[in-house]
Amino acid sequence: MKNKIFITSVFLLASGFVLAQNSLQKIYPVSYAGVTITDAFWKPKMETVATATIDACVNYTQNKTGRIRNFEKAAKHSGKHEGIYYDDSDVYKAIEAIAYALKNHPDASLEKNTDEWIDKIAAAQLPDGYLNTYYELTDINKRWTDMEKHEDYCAGHLIEAGIAYYNTTGKDKLLNTAIRFADHIDSVFRKQNRPWVSGHQEIELALMKLYHHTKNKKYLELSDWFLAQRGRGNGKGVIWDQWKDPDYCQDGLPVKDQRKITGHAVRAMYLYTGAADVAAVTNDAGYITAMDSIWHDVVFRHMYITGGIGAQGKNEGFGHPYDLPNESAYCETCASVGMVFWNQRMNMLSGNAQYIDVLERSLYNGALDGLSLSGDRFFYGNPLASNGGYGRSEWFGTACCPSNIARLVSSVGNYIYGSSANAVWVNLFIGSNTVVQQGKNKIALAMETGYPWTGNIKLTVSPAKKSLFELRLRVPGWLTTPVPGNLYHYADQQNDQPTLMVNGEKADYTIDNGYAVIKRNWKKGDIVTMGLPMKVRKIAGNPQIKQNTNRVALQYGPLIYCIEGEKNILQSGNIMLPENTTFETAYEPSLLGGVNVIRFDAPVIKVANDGLSVSTSKQTITAIPYFTWNNRGTNDMQVWLPVRIQKIRINE
Ligand code: FUB
Ligand code: ZN
């Protein structure tokens, strides 16, 4: 019963009616807690995460590494800290993923085990609310002396986990632990205005979740306080002089003065997500102007066609504009997860579908690639080409990515629907059911679709009472352009339009900010269908991306494709894709968990055994969705295929 009451309150909050009076926010997303996923593409993935991925996270967290032992030792104030100083965060992120997974896939023994973890975490908390096993087991007198040591980052993940676990189970022990820690941080920093530049942003967005959860304004103020610390030279002399330049953690300028993307990609994504969350409540134009400019810099100059970001390994982040190497692309899984977070917030603030176009690209390509089809292998970096030596791992020393992709997949319900005073919004095409609150009315929505393999979407709209409102259906930007801006374009002009029907008749609609707007008196059982032209689209890069000169990439719906040189029979780097190539697509139910493949005949370069002469022969090539590569062994792979022989650059 407790559980049930709670979910209702989350739903109301997620529907925006608590905040709507004060905020300019355009859309309030419907929380995963109110969405049941029925989708043929996502439901099996959520099942895999709920079992295999969570299993891997639990096993590595509890048995194969000392992450849980650290909490046991901290509670006893004795023992040696195991692992790295930010490892507590992996425990919290695993709990957050477990919380979402338990909602979709109840599992009494997993919940019991998680309760035991939570007991250990709570027992390790110091009387003043501080909680960090690294400092508790090394030298507690050194706490809060090094901004890089991720104490506030870990606190942020604790807050997110506490809220998620409470949302699913109604149990508040972890949440109360998190609140005590947040209150400790508030008293040590904001209340004393003690300078502190978080070395890894995360606390800002977490505090905003806590603010929405508790309605306690101090968490909003603390989040804004953290944002305001950046760019004032506060970080100087404490960490950045000794370690990295301030731009690395977006500390070069005050957030409101920033206009370009810099530094570490995950840090940046979490920062701007938190800033957007604050701006959504405070309507702070400074943050909105800054983020608008930074977003354009990311999407117009720094983003891979997979929606991955952060080209360089040396700073795990952004390099020079248009410098997007494929084989060495870092594109950390967490950075794509962060793109999903940030773009969702930008969409909420603006009501513009362009952000969901980017979100969808990062979700279906850059992020999903981080997880094996079996659910228990992970990519940390997600390159767009490989010579065959690169594969997913069971775990990492720095293990941020596994639990991040786990929490994203199991909470994908967060990104589908939204509501506002007069409209119901559909952002992603994922089979699901929900009920959206419209004032006093409740609108039940049921979506059925074969997306991303087909472009057929059927939405049944059932208001409790017949009423006038807008249905705002996103028209995917990829129908006309791969991404907003001119970083990529279709090699052939595309101007595809959706077909839209209401109850079997051509719909009367307008287009606004990338949404098809159908305004009518809706009644129970109204059926909207949208047909999206699905075909193979060839993409070319902006000429300033030197690595993609004379190359094209293939896209189908929201998915980027690649060629995988299975068992090295075919070297993906030897395949060309001339201009007049024709394509066929087919659904292969037994391949890679069931995918649409793209087939085409292409010239393949063959080098003679003596290495002195080269010939080409035509072969039928099968391209697979990028996110499915490396599930048949550690093969070579290419996303960007050369259009002709003389310009081949197999290695960049
Ligand atoms: O520092 C915590 C996490 O480890 C970052 O988000 C990742 O990029 C990795 O460096
Ligand atoms: Zn990561």
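Each chain has its residues counted from 1, following the order in which its sequence is written. Following the order in which they are written, the chains are lettered starting with A and the ligands numbered starting with 1. Reporting of local features is limited, given that this is a predicted model, to residues whose pLDDT is at least 70; pairs of side-chain atoms are given and counted only at 80 or more, and all residues count toward the totals for whole chains, interfaces and linings. Note that water and hydrogens are dropped before the side-chain values are worked out from all heavy atoms of the structure.

Q: Which residues make up a nonpolar patch on the surface, and what are the values?
A: Within this analysis, patches are made of residues with over 30% relative accessible area and no salt bridge. Like charges are joined at 9 Å or less; nonpolar side chains (Val, Leu, Ile, Met, Phe, Trp, Tyr) at 5 Å or less. Here the Shrake-Rupley method, with its probe set to 1.4 Å, supplies the accessible areas, and only the displayed protein chains count as covering residues. By salt bridge we mean one thing: a side-chain nitrogen of Lys or Arg within 4 Å of a carboxyl oxygen of Asp or Glu. Nonpolar side chains collect at one region of the surface, where Val607, Val614 and Ile645 lie side by side and expose about 240 Å² of accessible area between them. Mapped onto the elements of the fold, Val614 is located in strand β21 (residues 614-625). Under the relative-accessibility criterion, Val614 is labelled exposed at 51%. Secondary structure elements follow DSSP: runs of H or I of four or more residues count as helices, runs of E of two or more count as strands, with numbering from the N terminus. Throughout this description, buried means an accessible area under 20% of the type-specific maximum (1.4 Å probe, protein chains only), exposed means over 50%, and partly exposed covers the range between.

Q: Describe the packing of aromatic side chains, and please don't skip the residues or the numbers.
A: Stacked, tilted and edge-to-face are the three classes assigned to paired rings of Phe, Tyr and Trp, where Trp is represented by its six-membered ring and a pair needs centres within 6.5 Å; plane angles under 30 degrees give stacked, over 60 edge-to-face, the rest tilted. Throughout the structure, instances matching the rule amount to 34 aromatic pairs. Each ring, one from Tyr130 and one from Phe181, has its centre 5.7 Å from the other, and the planes form 75°; the classification is edge-to-face. In this pair, Tyr130 sits in the loop between α5 (108-123) and α6 (133-137) while Phe181 sits in helix α8 (residues 173-188), placing the two residues 51 residues apart along the sequence. For the ring pair Tyr556 and Tyr561, a centre distance of 6.5 Å and an interplane angle of 80° mean the geometry is edge-to-face. Overall, Tyr556 belongs to the buried group, its relative accessible area being 6%. Aromatic rings pair up to connect Phe41, Trp42, Tyr364, Phe429, Tyr451, Trp453, Tyr587 and Phe627 into one cluster.

Q: Tell me about the pairing of strand β18 (residues 559-565), residues and numbers included.
A: Burial runs high along β18: seven of the seven residues are buried. Burial along β18 is two-sided: Leu559, Tyr561, Ile563 and Gly565 and Ile560, Cys562 and Glu564, pointing in opposite directions, are all buried. Pairing between strands requires that DSSP locate at least two bridges from one strand to the other. Bridging between strand β17 (residues 551-556) and β18 involves two bridges; their strand directions are antiparallel. Residue pairing across strands places Tyr556 opposite Leu559, the latter belonging to β18. Hairpin connection from β17 to β18: two residues lie between these consecutive antiparallel strands, with Gly557 at a positive phi of about 60°. Summarising the sheet, β18 and strand β22 (residues 636-638) pair through three bridges and their orientation is antiparallel. The residue bridging Gly565 from the neighbouring strand is Asp636, located in β22.

None of the figures reported here should be taken as evidence of function without further support.
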